[in-house]
Structure formats: structure tokens, C-alpha cells
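# Tertiary structure, described
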Amino acid sequence: MSLEELIANCKKGRRKAQEELYRRYSSILFGICLKYSRNKTEAEDNLHDSFMTIYDKIGQYNFKGSFEGWMKRITVNTVLQKYRKERHLDVVSENFGEVEDIETAHTDISLATLLRYIQELPNKYRLTFNLYVMDGHSHKEISEMLGTSTGTSKSNLARARMILKEKIEKENINIA
């Protein structure tokens, strides 16, 4: 079944088409959910919620732009909305001023370990870090997405980087 047929059948609410859509894209969208979630269980819940939103809004997709990109945007927005509703994004009192890159001499950390460290970050830091570093959004965009100020976005990013640096350095000390 072509992508156009699949989308048309999903718009009609056909369960087989929805199952096929899930089969084709769940692993890609799960990766996004995992990046923004605290753990695998939460990522699975976020994936489920994202697909429910995709099925609900698929009638709005008008074949302009990438369908996969459209689903990715819905997934990120679904996760961010969940955190905004749960008030996990309260403003921090720290003010780090201008954000500076934090260097670490240790680069021999595994991807799985780094992902675990990112997932362990407090929500406001994890979301800001992923939106800025992994997805390339500006602080202005992040502040709009999360309902915070640009200063808070910069502060949260700086704090996330410091926490990650500390964890990486501690990991390397324990290995040595």
C-alpha cells in the first residue's frame, strides 16, 4: 500500500491502515519519545499518546511537506504538552547569564550511557537540552514551546550541560 493510500485509509478510520502506520513509523517516533522521556516506560506512554493524536489529526494533513516530519512534530508537541500540563517546567531561580560551551576531556562514553544521563536530567533541563542540542531550536523557539523566557531556556541549557559534564567526569573517574 502506498503512503497516499495509507493516509487516505487512516483518514477514513480504518484500523488495518492505522496498524500499518504504527508498524511503519513506531520505531522512528519511539526514538523521539525516548529522547524526551525519563525512561522507557514513559517513552512508551508518550508514543501511545502521540499516535492517538496522529490518528485524531490525520485529517488535517494536506500532503504539503514530509508526512514523517509532520508526525515527528506532533510527537514532540504531544510530549511537551504533557510536561506543560504536569507543571514540570517551572522556572528555575538560577541565572547563568550567557551560555558557554562546557568542555570535557572525556569523549569515550558510550551512546547508551549518554542517553541514560540525558534521561536522568530533570524535565526542564532534559527538554531544553534536547530541543537546543539535538533538534537545533533557538532559545526563542524553545521558550515559546515550553512557555518560559529565553533567559530560562539559556539557564536550563547551561545547567543541563553542567550536570552532564559532572556525570561524564564521574563515570570516567570510576572507570580509571
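We now turn to the structure provided with this report.

Looking only at helices and strands, the protein features eight helices and zero strands. Secondary structure of the protein in N-to-C order comes out as α-α-α-α-α-α-α-α. Within the protein, buried positions represent 39% of all 176 residues. Counting only contacts in the protein whose residues sit at least 6 apart along the sequence, the fraction spanning at least 24 positions is 71%. A total accessible area of about 10100 Å² is found for the protein, and carbon and sulfur atoms account for 49% of it.

Moving on, we come to the packing of aromatic side chains. Summed over the entire model, instances satisfying the criterion amount to seven aromatic pairs. Ring centres of Tyr 61 and Trp 70 lie 5.4 Å apart, and the angle between their planes is 50 degrees; on these two criteria the pair is classed as tilted. Grouped by ring-pair contacts, the aromatic residues Tyr 25, Tyr 61, Phe 63, Phe 67 and Trp 70 constitute a single cluster. The side chain of Lys 124 reaches across the aromatic face of Tyr 125, ending 5.6 Å from its centre.

For the rest of this paragraph, the subject is the packing of helix α1 (residues 3–11) against helix α2 (residues 15–36). Between α1 and α2, whose axes approach to 8 Å, the crossing angle comes to 130 degrees. In terms of orientation, α1 lies oblique with respect to α2. α2 is crossed by α1, and the crossing has left-handed handedness. Contacts between α1 and α2 involve Leu 3, Leu 6, Asn 9 and Cys 10 on the former and, on the latter, Ala 17, Gln 18, Glu 20, Leu 21, Arg 24 and Tyr 25. A per-class count over the contact of α1 with α2 returns six nonpolar, two polar and two charged.

What follows concerns the pattern of salt bridges. Under the counting rule described, the total for this entry stands at nine salt bridges. Here Glu 68 and Lys 72 are joined by a salt bridge, their closest N and O atoms 3.2 Å apart. Within this pair, Glu 68 and its partner Lys 72 are both found in helix α4 (residues 67–85), separated by four residues, close to a single helical turn. Among the residues examined, Lys 72 registers a relative accessible area of 31% and is labelled partly exposed. Its salt-bridge partner being Lys 140, residue Glu 144 comes within 3.2 Å of it at the nearest N-O pair. One end of the pair is Glu 144 and the other is Lys 140, both in helix α7 (residues 139–146) and four residues apart, which spans about a single turn. Ionic contacts of the salt-bridge type, sharing partners, join the residues Glu 20, Arg 23 and Arg 24 into one network.

This paragraph deals with the nonpolar core. Ranked by size, the top nonpolar core spans 31 residues in total, and within it Leu 21 and Phe 67 carry the most contacts. Those elements giving two or more residues to this core turn out to be α1, α2, α3 (40–57), α4, α6 (123–134) and α7. Core analysis: the next-biggest nonpolar cluster, separate from the first, contains 10 residues, Ala 160, Ile 163, Leu 164 and Ile 168 among them.

Once that is clear, we can look at the environment of Leu 115. Locating Leu 115 in the fold gives a position in helix α5 (residues 111–120). With a relative accessible area of 30%, Leu 115 lands in the partly exposed category. Sequence separation of Leu 115 and Leu 34 is 81 residues, and the distance between their C-alpha atoms is 8.8 Å.

Calculation notes
- Residues numbered from 1 in each chain as written.
- Predicted model: local features only at pLDDT ≥ 70, side-chain atom pairs only at ≥ 80, totals over all residues.
- Heavy atoms only, no water.
- Helix = DSSP H or I, 4+ residues; strand = E, 2+ residues; numbered from the N terminus.
- Buried < 20%, exposed > 50% of the residue type's maximum accessible area, 1.4 Å probe, protein only.
- Contact = heavy atoms within 4.5 Å.
- Areas by Shrake-Rupley, 256 points an atom, 1.4 Å probe, with all protein chains shown as cover.
- Phe/Tyr/Trp six-rings, centres within 6.5 Å; stacked < 30°, edge-to-face > 60°.
- Lys NZ or Arg CZ within 6 Å of the ring centre and 35° of its normal.
- Axes fitted to C-alpha atoms, helices over the stretch in contact; angles between N-to-C directions.
- Parallel < 35°, antiparallel > 145°, perpendicular 65-115°, else oblique.
- Left-handed = near helix turned anticlockwise from the far one by under 90°.
- Nonpolar A, V, L, I, M, F, W, Y, C, P; charged D, E, K, R; others polar.
- Salt bridge = Lys/Arg side-chain N within 4 Å of Asp/Glu carboxyl O.
- Core = buried A, V, L, I, M, F, W, Y, C linked by side-chain atoms within 4.5 Å.

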